[in-house]
Amino acid sequence: MKALTLIIISNLLILLNHQSRAQSLFPIDSASNKIQYSDVVITDSIFAPQLYKNAEKWAALHLKKQSNQQTEFDLKQGFIKCTNSFLVYTKGMMSKEIHGLIDYDVYIEIKDQKYRYTFNNFVFNYYKQNRFYEYVPTGKKKPLEEPKFQGWQPVWNKHKKLTNNIILDQIFKLKNIMKEKELPIIEKKAVKKTDW
């Protein structure tokens with residue numbers, strides 16, 4: 001009986017430890033208690049117009065163009081605001097099956113020699129197959145902050161890890177592009193040819 005009790009207690013401790021690690025995977029904003037990746041990055045001698053061009057370039061390269069995506073660019077106010085999303089999958093019998101779509105907001109504020117990025121509002125949108133075997137949204141949504149997903153806990157934890165990896169990769173690529181400086185254009189002078 002004692003051995004059975006010890007096994008149950010150890011399994012519970014392992015489960016609690018696993019759930020707390022999954023929850024602490026994300027940075028949590030203390031004011032909203034929501035997942036939020038945010039930082040202010042100082043750039044030496046790169047001013048707002050160049051930073052804005054770099055942010056536009058990053059958005060064009062790394063954010064998916066979808067019909068429901070909202071993008072707002074404002075050079076005068078110095079910000080780029082958009083939504084982005086990616087599909088998440090479960091393993092099916094023969095291949096991967098779409099489980100849903102995770103969407104989130106991206107906000108980049110730009111000033112001379114610095115910018116601030118914010119990735120937040122992560123929401124899982126549940127998908128299912130319709131009668132034509134197409135995956136379509138059901139309208140059911142779940143904040144990614146939710147620790148549990150009844151019947152799908154291992155898959156839910158994988159979705160969270162994937163989200164973290166995707167966002168960290170996007171931040172890495174954003175920081176690299178934001179370092180770029182436009183090279184000055186050198187005008188070529190016409191060289192007069194001498195007659196022989």
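All residue numbers here refer to positions counted from 1 along the written sequence of the relevant chain. Residues qualify for local features only when their pLDDT is at least 70, as the model is predicted, and side-chain atom pairs are given and counted only at 80 or more; totals for whole chains, interfaces and linings, by contrast, use all residues. Note: side-chain values were computed over all heavy atoms of the structure, leaving out hydrogens and water.

### Examining the overall build of the chain
Line of reasoning, step 1. Within the chain, the regular secondary structure consists of 3 helices and 6 strands.
Line of reasoning, step 2. Helix and strand definitions follow DSSP, with helices as H or I runs of at least four residues and strands as E runs of at least two, each counted in order from the N terminus. Seen in sequence order, the chain has helices and strands lined up from the N terminus as α-β-α-β-β-β-β-β-α.
Line of reasoning, step 3. In the structure as shown, the chain presents an accessible area of about 14100 Å², 58% of it carried by carbon and sulfur atoms. Exposure was quantified through the Shrake-Rupley algorithm and a 1.4 Å probe, taking into account, for residues, occlusion by the shown protein chains and nothing else.

### Side note on the nonpolar core
Line of reasoning, step 1. To qualify as a nonpolar core, a set must consist of buried Ala, Val, Leu, Ile, Met, Phe, Trp, Tyr and Cys residues joined through side-chain atoms within 4.5 Å. Any residue under 20% of the maximum accessible area for its type is buried, any over 50% is exposed, and the rest in between are partly exposed; the area is computed with a 1.4 Å probe on protein chains only. The biggest cluster of nonpolar side chains holds 34 residues, and the ones touching the most others in it are Trp58, Ile108, Tyr115, Phe119 and Phe122.
Line of reasoning, step 2. Mapped onto this core, the elements with two or more residues apiece are strand E1 (36-42), helix H2 (48-62), strand E3 (79-91), strand E4 (96-111), strand E5 (114-129) and helix H3 (153-178).
Line of reasoning, step 3. Every residue in contact with Phe122, bar those within four places of it in the chain, is listed here: Ile35, Tyr37, Ile102, Asp103, Tyr104, Pro143, Leu144, Glu145, Thr163 and Ile167. Contacts are assigned to residue pairs that have any heavy atoms within 4.5 Å of one another.

### Examining the layout of surface pockets
Line of reasoning, step 1. Using a grid of 1 Å spacing that covers the protein atoms alone, one calls a set of points a cavity when a 1.4 Å probe fits there but cannot get out, and a pocket when the set is open and has protein on both sides within 12 Å along at least five of seven lines; lining residues are those with an atom within 4 Å of a point. Grid points are joined across faces, edges and corners, and a volume is the space filled by probe spheres set on the points. Approximately 210 Å³ is the volume found for the second largest pocket.
Line of reasoning, step 2. Considering the residues around the second largest pocket, the lining is formed by Val88, Tyr89, Thr90, Lys91, Lys96, Pro154, Val155, Lys158, His159 and Leu162.
Line of reasoning, step 3. Secondary-structure elements contributing two or more residues to the lining of the second largest pocket are E3 and H3.
Line of reasoning, step 4. For the lining of the second largest pocket, the element with the highest residue contribution is H3, accounting for 5 residues.
Line of reasoning, step 5. Residues were grouped as follows: Ala, Val, Leu, Ile, Met, Phe, Trp, Tyr, Cys and Pro as nonpolar; Asp, Glu, Lys and Arg as charged; and all remaining residues, including Gly, as polar. Tallied by class, the residues present in the lining of the second largest pocket amount to 5 nonpolar, 2 polar and 3 charged.

### Brief notes about the packing of H2 against H3
Line of reasoning, step 1. Note on definitions: angles span 0 to 180 degrees between N-to-C directions of axes, and those axes are lines fitted to C-alpha atoms, for helices only across the stretch in contact. Between H2 and H3, the least distance of the axes is 9 Å, while the angle of their chain directions is 140°. With respect to each other, H2 and H3 are oriented oblique. Where H2 crosses over H3, the handedness of that crossing is right-handed. Between H2 and H3, the residues in contact are Leu51, Asn54, Ala55, Lys57, Trp58, Leu61 and His62 and Gln170, Lys173, Leu174, Ile177 and Met178, respectively. In what follows, roughly perpendicular refers to angles from 65 to 115 degrees, roughly parallel to angles under 35, roughly antiparallel to angles over 145, and oblique to any angle outside these ranges. A clockwise turn of the near helix away from the far one marks a right-handed crossing, whereas an anticlockwise turn of less than a right angle marks a left-handed crossing.

### Some remarks on the environment of Gln129
Line of reasoning, step 1. Mapped onto the elements, Gln129 comes out in strand E5.
Line of reasoning, step 2. When neighbours within four sequence positions are excluded, Gln129 is seen to be in contact with Glu134 and Tyr135.

### Details of the side chain of Thr163
Line of reasoning, step 1. Looking at the secondary structure, you find Thr163 in helix H3.
Line of reasoning, step 2. Looking at Thr163, its side chain comes within polar contact range of the main-chain oxygen of His159, at 2.8 Å.
Line of reasoning, step 3. With residues near it in sequence (within four places) discarded, Thr163 still touches Phe26, Phe86, Ile102, Phe122 and Leu144. Nitrogen and oxygen atoms within 3.5 Å of one another constitute a polar contact, given that in protein one can donate a hydrogen and the other can accept it, and given that sequence-neighbouring residues count only through two side-chain atoms.

### Quick look at the environment of Arg116
Line of reasoning, step 1. In this fold, Arg116 is placed in strand E5.
Line of reasoning, step 2. Accessibility expressed as a relative area gives 37% for Arg116, which makes it partly exposed.
Line of reasoning, step 3. Spatially, the C-alpha atoms of Arg116 and Phe79 are 9.3 Å apart, while their sequence positions differ by 37 residues.
Line of reasoning, step 4. Not counting residues up to four positions away in its chain, the partners in contact with Arg116 are Ser38, Asp39, Val40, Tyr107, Ile108 and Glu109.
Line of reasoning, step 5. Within the structure, the side chain of Arg116 is placed 2.7 Å from the side chain of Glu109, a separation counted as a polar contact.

### Brief notes about the side chain of Asn84
Line of reasoning, step 1. The topology assignment puts Asn84 in strand E3.
Line of reasoning, step 2. Classification of Asn84 by relative accessible area gives buried; the value is 4%.
Line of reasoning, step 3. Among the polar contacts listed, one links the side chain of Asn84 to the side chain of Tyr104, at a separation of 2.8 Å.

### Re H2
Line of reasoning, step 1. Expected span, for any helix, means 1.5 Å times one less than how many residues it has. The first and last C-alpha atoms of H2 sit 21 Å apart over 15 residues, in line with the 21 Å expected at 1.5 Å per residue.
Line of reasoning, step 2. Inspection of H2 places Ala48, Gln50, Leu51, Tyr52, Asn54, Ala55, Trp58 and Ala59 among the buried residues, and these make up the whole buried set.

### Focus: the pattern of salt bridges
When the charged atoms of two side chains with opposite charge come close together, those side chains can pair.
Line of reasoning, step 1. Salt bridges are defined as contacts in which a side-chain nitrogen from Lys or Arg sits within 4 Å of a carboxyl oxygen from Asp or Glu. On inspection of all chains with the given rule, the structure shows 3 salt bridges.
Line of reasoning, step 2. Note that Glu109 and Arg116 form a salt bridge whose closest N and O atoms lie 2.7 Å from each other.
Line of reasoning, step 3. When the shortest N-O distance is used, the salt bridge between Asp169 and Lys173 registers 3.0 Å. Remark: Lys173 and Asp169 occur in helix H3; sequence separation between them is 4 residues, near one turn of the helix.

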